[in-house]
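These are the residues of each chain, in order.
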Amino acid sequence: MTDSTTTARDYRETLFLPKTDFPMRAGLPKAEPKWLERWNRIDLYRKQREAENALGQWTLHDGPPYANGHIHMGTALNKIHKDIVNRSHQMLGHDANYVPGWDCHGLPIEWKVEEEFRSKGRSKDDVPASEFRARCREYAAGWVDIQREEFKRLGVIGDWDDPYLTMKPQSEADICAELLKIARTVQLYRGSKPIMWSPVEQTALAEAEVEYADRRATAIYVKFPVKAYTNETLQLTIEAAEKVRSENPDGADIIAEGLNYVKRKHGEFNGAYVVIWTTTPWTIPANRAVSFSSKIQYGLYEVTEMEESDFEPWSKPGDKLIVADDLWETVSKSGLIKSANRLTDVDPKGLVLDHPLKDMADANGKYDFPVPLLEGDHVTADAGTGFVHTAPSHGEDDYIVWMSNQKKLEALGIDPVVPMTLDDKGCYTDVMPERFQGLDVIRTSGKKRGQDGKANPEVLKALVECGNLLARGVLTLRDAHSWRSKAPVIRRATPQWFISMSKAGLRDKAMAAIEQTQFWPPRGKNRLSTMVADRPDWLISRQRNWGVPITVIVHEDGRLHTERDDADAIDARILAAVEKDGVDGWFDTPVEDFLGGDADGWTKVTDILDVWFDSGCTHAFCLKRRDDLPDRADLYLEGSDQHRGWFQSSLLESCAVYGEAPYKGVMTDGFVVDNKGLKMSKSLGNTISPEDISKQFGAEIMRIWVSSSDTYNDLRIGKEIIQTNADAYRKLRNTLRYMIGALDGYSDAEAVDYADMPALEKWVLHRLSEISAQHEGWVRDHDHKRIFSTLFNFCTVDLSAFYFDIRKDALYCDPLNSTRRRACRTVMHEIFLRLTTWLAPVMCFTMEEVWQARFPSEDGSVHLETFHTCPEAWRNAEIAEAVEGVRAFRMEAYEAMEAMRKEGSLKSSLEASVRAPKSRLAKERAVLGLTDESSYEDPSNPSDVLADYLIVSKCLLNIDSDDMLVTDLKCAEDWKKCERSWKYFQGEGEITPRDAAAVAAFDQG
RNA sequence: AGGCCGGUAGCUCAGCUGGUUAGAGCGCGCCCCUGAUAAGGGCGAGGUCGGAAGUUCAAGUCUUCUUCGGCCUACCA
């Protein structure tokens, strides 16, 4: 007992201040790994699987990153985003089992490994294929391990001990099995097509495997002589056409028109040339046609005068050239033609030309075929001559034009077969005249790798010999290059395997499946369906080593083993071999073993599958294979580039085999760009690595960045943005820390019933229930940005600046067991339960730290909680409205108080006495049960007065005017500052009656 | 070149079917507190909605054009 009359007591010790060891500063970079260790120790992933999970499975199926290189911001974003989505559904009550995976086959790894061997002095041809593949496997496994650790560091939870890999033998076997299922349908076929081919790597490339870069090219103008019909050939042509006409009534008109045209015009065009322009001279020997457009106006020009020049020009006065009128000027300039007369309009329809190399030395009649003019949509008058030299074996458009004009070709007696003019190395084959055979188009080795080979000069030379080169020049153009070797890519006809989009209605099935799928954002549906609607048949074969083989056995006569009666048994043997030894099981097993006899004329296909086919099968070898996953996923979530990639390959593969999409929903992320919105690149020096952020700020900051960003569009990141998120983190951390301190020693025993709570507490519970109601909807709609900003605003605006600020007085100064104080703690506990669980999917580390601070345990985790729902009774719109009314009133008062602070009179808000019109807050006070007294009716069990809401010492509604008046109680007579609560009061003693009651209770213990 | 998408205060985001002085938080400035203290509170200044034209009584919100940025695709004969 102290003598209170003589010495002033230090009341600080009688206060109930927040008490906690919870550090204000997080030290995330060091703390996070410790939480990861804990989760690993308690096997959190397993515990989540074994939890009640009343709502059943909800599955996000992981899209496999490529097992090569460190993760970057894009992969970090994607994995964190998936993790937030997964954790949210887990806490909703689902079993959200996340099985991560990797894409392990493919060219980039193969290339790295080739380089590796090369650096050891072993060329690719010296290394046995199985050794090579074994090294690829090792290489991929190495990166899987590295990336696994990098992903785990981000806080991503999943089955890291048993992820799926496209290169596991079981996966490889399942991929083969999928292919064999397709091979049993008409959907798999062999075709020949000009495809992107890299002579340097000697492989076909998918669109995704090329990049566009500048290339210096030799551009030439070539003259194609209009065929001078002899009476004899004309007669033969007419007879052939008449025959076709009688057999094909449909095309009769066209043929008749063409014939008439030829008859009428060939005299006029005698000695004339159709001029084409090309930047790939080496394709001239493969020329089979010239394309034109009926939308372009062509004219016949007769050269009258040539420019002076140092060398003998390739044209001379009297030459007659046919060119698009819009392009004549450029053409004539390039050809050093000074002037010319335009003789007449030309409709190229029906013209037939001679090959420009027909008369070269050693042609040996190989170019004696007629070169027809074919109409093509791809022809424009933007560049060149308005005519497009067409080599069906070396261009997509060329091929299409060629194939769609089969009847016309037949009519002209032309062999429609697409010639295979180049071999794997990009050298002319023996279908070419002898002088060209073996010449390379692109140098495939040495210092000049990627530059022009011997083909171009020889073609030029031959054209000059024939007098059919009009002009030549050099220009720079953007053209396809291999993404690995950076060498130019050519288009070359080769035999390939395709999956047909139409033969079994794959396109229709896929389009229907897209209709059944939900997309976030909705525009994804449009994007995917446009792509599927337009795409050509799926080219799935690659002439490489590191991949899943096309496990098909073909007969010389063209049959596939799947057509044999014993196909089931053969398939079983193939799959067993691959299951046992991986892809080597296919390559190393003799064909007889698979066929079980009758192997004559049968050979194994040695092509491998496009890696997109591999990853398109993840649903088969992961979802359908694993017992703990459903057959179809609820969600696929990848970068928006995967509309062209995994979303599509998965869709097509699944539709081809199962007739439905492997997913119910598809969500896309935007791309990570720098703070100015530009894409990150090494050359711009604006890259940021996830590792750097983890080390400097913590993965948690990256997670907050993800959840506060608009992931449907591009996400910016930069120093300032990271700092903003770090600030947000600190704010949240402190809010939680305050609650931990305020709840020190709290137990359910002190909880106050809802009915007995002050209105302010009921308001908080109302707010919780309001947020809670929206929260579940936002989780199901993956609207994490909204969740985060709502919770953040709730913390700063509602809690920190309002509720906590008001309740500090009650918390610190009210008698320990008074209702108001206990009600506040009860409510804080409810806030804590919800806030921590709502934030846990994003701030997985800190919410665990916060949770353990309040509920320490050896093996517990906030991540085993579900979201806490709110009783319906907490909804109280009336109180909500009343509190908002008081809040608005409070802001007015603060405005007035601020003016006094500026004058220098008022300091702390507790020094203020506020007086306002008596008409104000009538309804609010009634609803909230507030008096405008400045003292409590029952000091030992205080209930709110209006002044408490304003954190002032007095608030009286007694003025007749509209003014709001603030006076400074420091200067008021009779008023003194309570030594304990720092409130100003009138009356006896050095502390207010409420504080006296609290101290008395405190002293009693 | 084509397709799709985006450009709202310094930053991150809200702004539904067009309709009062365009909102929030952060940051910033000034101030208060010193019993959440490498914390907490208050007040305030910042956008005319990338630009232009148009439709309308009325546009950030519709149309067209344009510019910048992103993803994808094609072409480059």
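Above this text is the structure in question.
Residues numbered from 1 in each chain as written. Chains lettered and ligands numbered in written order. Predicted model: local features only at pLDDT ≥ 70, side-chain atom pairs only at ≥ 80, totals over all residues. Heavy atoms only, no water.

Chemist: Outline the pattern of salt bridges, listing residues and values.
Modeler: Tallied over the entire structure, the rule returns 65 salt bridges. With its nearest N and O atoms 3.2 Å apart, the salt bridge here joins K79 to D62. Taken together, the residues span a long stretch of sequence, with K79 in helix α3 (residues 73-92) and D62 in the loop between β2 (60-61) and α3 at a distance of 17 residues. For K79, a relative accessible area of 2% gives the class buried. Since its relative accessible area comes to 0%, D62 is described here as buried. E660 serves as the salt-bridge partner of R632, at 3.6 Å between the closest nitrogen and oxygen. Of this pair, R632 sits in the loop between α19 (618-624) and β25 (635-639) while E660 is found in the loop between α20 (646-658) and β26 (665-669), placing the two residues 28 residues apart along the sequence. By relative accessible area, which is 34% here, E660 ends up partly exposed. Via salt bridges that share partners, E761, R807, D809, D814, R820, D944, D948, R980, K983, R994 and D995 belong to a single interconnected network. (Salt bridge = Lys/Arg side-chain N within 4 Å of Asp/Glu carboxyl O. Helix = DSSP H or I, 4+ residues; strand = E, 2+ residues; numbered from the N terminus. Buried < 20%, exposed > 50% of the residue type's maximum accessible area, 1.4 Å probe, protein only.)

Chemist: Any details on the state of the cysteines? Residues and values, ideally.
Modeler: Counting across every chain of the model gives zero disulfides. Sulfur of C176: no disulfide; nearest cysteine sulfur belongs to C617 and is 9.2 Å away. The exposure class of C176 is buried, given its relative accessible area of 0%. Counting only cysteine sulfurs, C813 is the nearest neighbor of C978, a cysteine outside any disulfide, at a range of 7.1 Å. (Disulfide = S-S within 2.5 Å.)

Chemist: Residues and numbers for the side chain of K983, please.
Modeler: By the secondary structure assignment, K983 is in the loop between β32 (975-977) and β33 (984-986). A distance of 3.2 Å separates polar atoms of two side chains, one belonging to K983 and the other to D948. Residues in contact with K983, not counting those within four places in the same chain, are D809, L910, Y936, D948, S953, K976, K977, C978 and R994. (Polar contact = N/O pair within 3.5 Å; in protein donor to acceptor, adjacent residues only side chain to side chain. Contact = heavy atoms within 4.5 Å.)

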